[in-house]
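In case you want the letters, here they are:
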Amino acid sequence: MDEANVARRGLSPRLWLAGGWLLLALLAAIFAPLIAPQDPLAQDLMLERLPPFWLDGAEPGYWLGTDSLGRDLLSRLIFGGRIAFIVAFAAATSACLLGSALGLIAGYFGGWPDRIISRIVDVWMAFPPVLFAILLVAVLGTGLSSVILAIAIIDWTRFCRVIRAEAMSQARMDYVESARIAGYGRVGIMLREVLPNVLPSVVALLSLEMGIAVIVEAILSFVNLSISTDDPTWGSIIAEGRLSIHQAWWVLVFPLITLILTVLSFTQFGEALKARFDPVLR
Amino acid sequence: MAEPLFSVRGLKVALPDMTRKPLVGRAPLAEILKGLDFDLPKGSVTGIVGESGSGKSTLGRALVRLLEPSAGSIGFEGREISRLSETELRPLRRDLQMIFQDPMSSLNPRHTIFNIIAAPLRQNGLGDRLKELVAEALQRVGLPQNFASRYRHELSGGQRQRVGIARALALSPKFVVADEIVSGLDVSTQAQILTLLEKLAAEMGLTVAFISHDLSVIRRLCQQVIVMREGRIVEASATDALFDNPKETYTRDLLAAIPLPEIDPDWLRPKASA
Amino acid sequence: MSACLDIRGLSAVLPNGQRVLRSVSLSVQPGEVRALVGESGAGKTMIGKAVLGVLPKSVRIVEGEMLIEGEDLGRLDPKARRTLIGARTALIPQDPLTALNPSRRIGPQMTDRLVRILGWSTETADQRIRQLLDEVQIRDPERVLKSYPHELSGGMRQRVLIAAAFAAEPRLIVADEPTTALDVTVQKQILRLIAQLQRDHGTAILFVTHDLGVVAKISQKVSVLYAGKVVEEADSSALFANPQHPYTRALMAATPRYTDPFASLKPVDESVLAGLAAEIAAADQAWRPGHG
């Protein structure tokens, strides 16, 4: 029993690999102006569709090649990461706060708060999320804050459902009754006894949600509904890359790899974090 | 004659019956306790015995007002507490404590033992003397002081139940419900926990409602016994009288069903139908 | 005549090398009830599982033999072993609710084993089950056979499982704490039934329990386990009259008895536990894994 504990508390390679990639991508995004080798918006038709560095015809300074307008792909990916991370953190955190709070209340208090919240969740989940997002952005107008708001409005139910179920099972524990005997009020019990026990799930979901937010943002960019203007985003790069797949495969492949690695890292990081904190629960 | 600590009259408790809950709407109420009358004398240990479905645990929870009775009265030190609201109950909580059956469920895995024992102290205005009082509580139940920084999963079953006792007694309450506190433990540990409770109850002058399905344990610990069946009291009397001269058939059946650790070839023979 | 079950020097280890069974030897003669008594972690359930061939994957048998009616399980290929175990043994589990599939009626669940594993015809199986339900004193077999598990009381479910266990006329039944989850009055009825059927069918039972009271009532032979080691084995009458091992004596003194409240419920002495620890350590010292 104790051995198993120690083993699971060990630092898993999963945690390191996923965390490492996320840290790298995050730092690159934060320091983009310092790191990016080129101006991501600078067009130069003389340099269009340059291949990545290991192929014939590559130019030094354009490591991953250029797109059909001669813009440096690596720089665009790095700057696109800024949008991705801003959306990931802001949207996932908002969805998490809203959903977890409602889930906690519904699960712990039960009764009419639970009935109301659960109904809303049921109705919400009847909409296909991507369609819902496109609809929302169409209504709210494009732009960074609309995208964030849309994701939060759609995805809070994911938190709400899971946290409600966990809070319900926590509410049946004797330590909840014990806290009543100790003299705690309902809100006090919720925060002191229930919340700490659902936190690992909140953290895991939050990380998962960041990955989802990155994908949703990419999808919205892909259909040209995200941040308008020329700011590069991973989704818009993929959309452009798709058009020139036969002439310049790298414009599609590198942003796809970046996107997949990031999303996978978010989900794996969340799972690893949860496993790391969970042994206490046994 | 001293006034009893608890004086219970016509106590009824009804709870939602989830097995009969319709698809929509509320579950119908099922009456778990069907009118109980009894007194708990100050400083006594009373055994409450019954099989599953007898309502003994519900009774324990009603006495410390984790449940609200649907009818009847609970007099605690002459004061009627069966209708008090959660807020009105708060000042009484320090005197009405409970030790739970399963310490896995009653100790929060995310809190240290210190925080678990300190919770009732904090809520009852003793926040400034936490260290001293928690240390005293640990010592009282025979746990080393360094256990304060540990978590539930680092303790054995018997140690966990000691923590449960320490928490319940930290405030020096007047009354404690002990709800099947040894049924999940091995016999060797069970004996330790029971002798500990026996000793502490005597030292602290506690009034204890000792809920158990095991009459053997009750005989050792309790001065009086209440035998329950299906929400009613079958028989209530002083311990020795009950064991030496049980009046009700049900009590006699319960006693006869206990397998004592001694060879008795007749025990499993079918009863001669009288 | 060979023993119904013969376990010789059985040792099992966890992946970390820790021994969970320490050279366990015991035998159950035909028609005899042997109790396997111990506290949690003593390995009593593990032995039952080893006999039935359902040990968890993490537990590895490293030494010893298990013979069912003289046939060495270790020498059989897995398929033959399963067939032998399936034909000659049965289990009465602790928790009748989890042992039954909640979404199927009782009837088909009971006949399935006979039809599928033993190849009986549906009619024979059905007849046999009704006969057994009668033996476990279920008065309205029609209703019970059509019920779902949750519609029956705990005692009723346990009767059904006892009937199912005896139905295929096994030579050996492993009863794993079969009455622990039950109320005392129901426990007495169930123990009485098991004893009755055991006598009538001449079945041998390996009866796993933590309760010395139950041991005294049901078994003719006892093995007392501590930390996966048999510390004492004896005839039940001898064991209760004159326990030899300090641990057995301590267990008896700790077991509550309403007839003698102050001589019972004695906490186990530290010196007994220290003695046990030394005994286990000495056994481990002397033990060399045979041929890992």
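About the thresholds
Residues numbered from 1 in each chain as written. Chains lettered and ligands numbered in written order. Predicted model: local features only at pLDDT ≥ 70, side-chain atom pairs only at ≥ 80, totals over all residues. Helix = DSSP H or I, 4+ residues; strand = E, 2+ residues; numbered from the N terminus. Buried ≥ 20, exposed ≤ 12 C-beta atoms within 10 Å, placed from the backbone. Contact = placed C-beta atoms within 7 Å. Rg over C-alpha atoms; globule rule 2.2 N^0.38 Å. Nonpolar A, V, L, I, M, F, W, Y, C, P; charged D, E, K, R; others polar. Axes fitted to C-alpha atoms, helices over the stretch in contact; angles between N-to-C directions. Parallel < 35°, antiparallel > 145°, perpendicular 65-115°, else oblique. Left-handed = near helix turned anticlockwise from the far one by under 90°. Pairing = 2+ DSSP bridges. Core = buried A, V, L, I, M, F, W, Y, C linked by C-beta atoms within 7 Å. pLDDT = per-residue confidence, 0-100.

**A short note on the overall build of chain B**
Now for step 1: Scanning chain B for helices and strands turns up 10 helices and 10 strands.
Now for step 2: With respect to the principal axes defined by its C-alpha atoms, chain B has extents near 65 × 50 × 50 Å.
Now for step 3: Per-residue burial for chain B yields a buried fraction of 45% across its 274 residues.
Now for step 4: The long-range fraction of contacts in chain B, counting pairs at least 24 apart against all pairs at least 6 apart in sequence, stands at 68%.

**Remarks on the overall build of chain C**
Now for step 1: Scanning chain C from N- to C-terminus turns up 12 helices and 10 strands.
Now for step 2: The globule rule puts the C-alpha radius of gyration for 292 residues at 19 Å, and the 20 Å found for chain C is close to it.
Now for step 3: By its C-alpha atoms, chain C is 60 × 50 × 35 Å across when sized along the principal axes.
Now for step 4: Per-residue burial for chain C yields a buried fraction of 41% across its 292 residues.
Now for step 5: Looking at chain C alone, contacts between residues at least 24 apart form 67% of all its contacts between residues at least 6 apart.

**Topic: the interface of chain B and chain C**
Now for step 1: Contacts between chain B and chain C engage 30 residues on the former and 34 residues on the latter.
Now for step 2: Broken down by secondary-structure element, the contributors of at least two residues to the side of chain B that touches chain C are helix 7 (187-204), helix 8 (215-221) and helix 10 (249-257) of chain B.
Now for step 3: Of all the elements, helix 7 of chain B adds the most residues to the side of chain B that touches chain C, at 6 residues.
Now for step 4: Class assignment of the residues belonging to the side of chain B that touches chain C gives a composition of 16 nonpolar, 6 polar and 8 charged.

**Here we look at the packing of helix 4 (residues 73-109) of chain A against helix 5 (residues 111-125) of chain A**
Residue and element names in this part refer to chain A.
Now for step 1: Where helix 4 meets helix 5, the closest approach of the two axes is 7 Å, and the angle between their N-to-C directions is 135°. Classed by the angle they form, the pair helix 4 and helix 5 counts as oblique. Read as a crossing pair, helix 4 and helix 5 show a hand that is left-handed. Contacts between helix 4 and helix 5 pair Leu 102, Ile 105, Ala 106 and Phe 109 from the former with Gly 111, Pro 113, Asp 114, Ile 117 and Ser 118 from the latter.
Now for step 2: Each residue belonging to the contact of helix 4 with helix 5 can be placed in one class, and the counts come to 6 nonpolar, 2 polar and 1 charged.

**Some remarks on the sheet that holds strand 9 (residues 221-226) of chain C**
Sheet strands associate in pairs through backbone hydrogen bonding, adopting either a parallel or an antiparallel arrangement.
All names here are of chain C.
Now for step 1: Spatial strand order, 6-7-8-3-9-10: 6 strands in an open sheet with mixed pairing. This sheet does not close on itself; its edge strands, each paired only once, are strand 6 (89-92) and strand 10 (229-235). For this sheet, the mean angle separating the axes of adjacent strands, direction not counted, is 15°.
Now for step 2: Across 5 bridges, the pairing between strand 7 (residues 172-176) and strand 8 (residues 204-209) is parallel. When the sheet's bridge partners are listed, Ala 175 is paired in strand 8 with Phe 207.
Now for step 3: Sitting on the sheet, helix 7 (residues 154-167) touches strand 6 and strand 7, and the angle it makes with strand 6 is about 175°.

**Re the sheet that holds strand 1 (residues 6-16) of chain B**
All names here are of chain B.
Now for step 1: Strand order in the open sheet formed by 4 strands is 2-1-4-5, with antiparallel pairing between adjacent strands. Here the strands that pair on one side only, and so sit at the sheet edges, are strand 2 (29-40) and strand 5 (79-80).
Now for step 2: Inspection of the sheet shows strand 4 (residues 71-76) paired to strand 5 by 2 bridges, in the antiparallel sense. Its bridge partner being in strand 5, Phe 76 is matched across the sheet by Arg 79.
Now for step 3: Strands strand 1, strand 2 and strand 4 of the sheet are contacted by helix 1 (residues 56-63), whose axis makes an angle of about 65° with strand 2.

**What about the pairing of strand 8 (residues 207-212) of chain B?**
Residue and element names in this part refer to chain B.
Now for step 1: Within strand 8, 6 of the 6 residues are buried, which leaves the element mostly enclosed by the surrounding structure.
Now for step 2: Residues Thr 207, Ala 209 and Ile 211 point to one face of strand 8 and Val 208, Phe 210 and Ser 212 to the other, with burial holding for every one of them.
Now for step 3: The sheet contact formed by strand 3 (residues 45-49) and strand 8 spans 5 bridges and is parallel. Paired with Val 45 across the strands is Val 208, a residue of strand 8.
Now for step 4: Sheet topology note: the strand 7 (residues 175-179)/strand 8 ladder contains 5 bridges and is parallel. Bridge assignment links Val 176 to a residue of strand 8, and that residue is Val 208.

**Here's the deal with helix 4 (residues 113-123) of chain B**
Now for step 1: Summarising burial for helix 4 of chain B: 8 of the 11 residues are buried, a large majority.
Now for step 2: Taken together, the buried positions of helix 4 of chain B are occupied by Ile 113, Ile 116, Ile 117, Ala 118, Ala 119, Pro 120, Leu 121 and Gln 123 of chain B.
Now for step 3: Next to the buried residues of helix 4 of chain B lie helix 8 (174-182) of chain A together with helix 5 (130-140) and helix 6 (157-169) of chain B.
Now for step 4: Of the residues flanking the end of helix 4 of chain B, it is Gly 125 of chain B, one or two places downstream, whose phi is positive at about 75°.

**Re the packing of helix 10 of chain B against helix 8 (residues 184-201) of chain C**
Now for step 1: Running from amino to carboxyl end, helix 10 of chain B crosses helix 8 of chain C at an angle of 55°, the nearest separation of the two axes being 8 Å. Relative to helix 8 of chain C, helix 10 of chain B is oriented oblique. Crossing angle aside, the handedness with which helix 10 of chain B passes helix 8 of chain C is left-handed. Residues Asp 253, Leu 254 and Ala 257 of chain B of helix 10 of chain B touch helix 8 of chain C, and the partners they reach there are Val 184, Thr 185, Gln 187 and Lys 188 of chain C.
Now for step 2: Looking at the contact of helix 10 of chain B with helix 8 of chain C residue by residue, the class counts come to 3 nonpolar, 2 polar and 2 charged.

**A few points about the pairing of strand 1 (residues 5-13) of chain C**
Residue and element names in this part refer to chain C.
Now for step 1: Of the pairings in the sheet, the one linking strand 1 to strand 2 (residues 19-28) comprises 6 bridges and is antiparallel in character. Opposite Leu 5, over in strand 2, you have Val 28 as the bridge partner.
Now for step 2: In textbook terms, the turn of a hairpin is the stretch between consecutive antiparallel strands, and for strand 1 and strand 2 this stretch comprises 5 residues, one of which, Gly 17, has a positive phi near 90°.
Now for step 3: Inspection of the sheet shows strand 1 paired to strand 4 (residues 60-68) by 7 bridges, in the antiparallel sense.

**Some words on the nonpolar core**
Now for step 1: Ile 151, Ala 213 and Val 214 of chain A, Ala 166 and Phe 210 of chain B together with Ala 163 and Leu 206 of chain C are the most contacted members of the largest nonpolar core, which has 223 residues in total.
Now for step 2: At 19 residues, helix 4 of chain A tops the list of elements feeding residues into this core.

**Digging into the confidence of the model for chain C**
Now for step 1: When pLDDT is averaged along chain C, the result is 92; 98% of the residues meet or exceed 70.
Now for step 2: Here the prediction assigns the complex a pTM of 0.88, and the interface score ipTM is 0.89.

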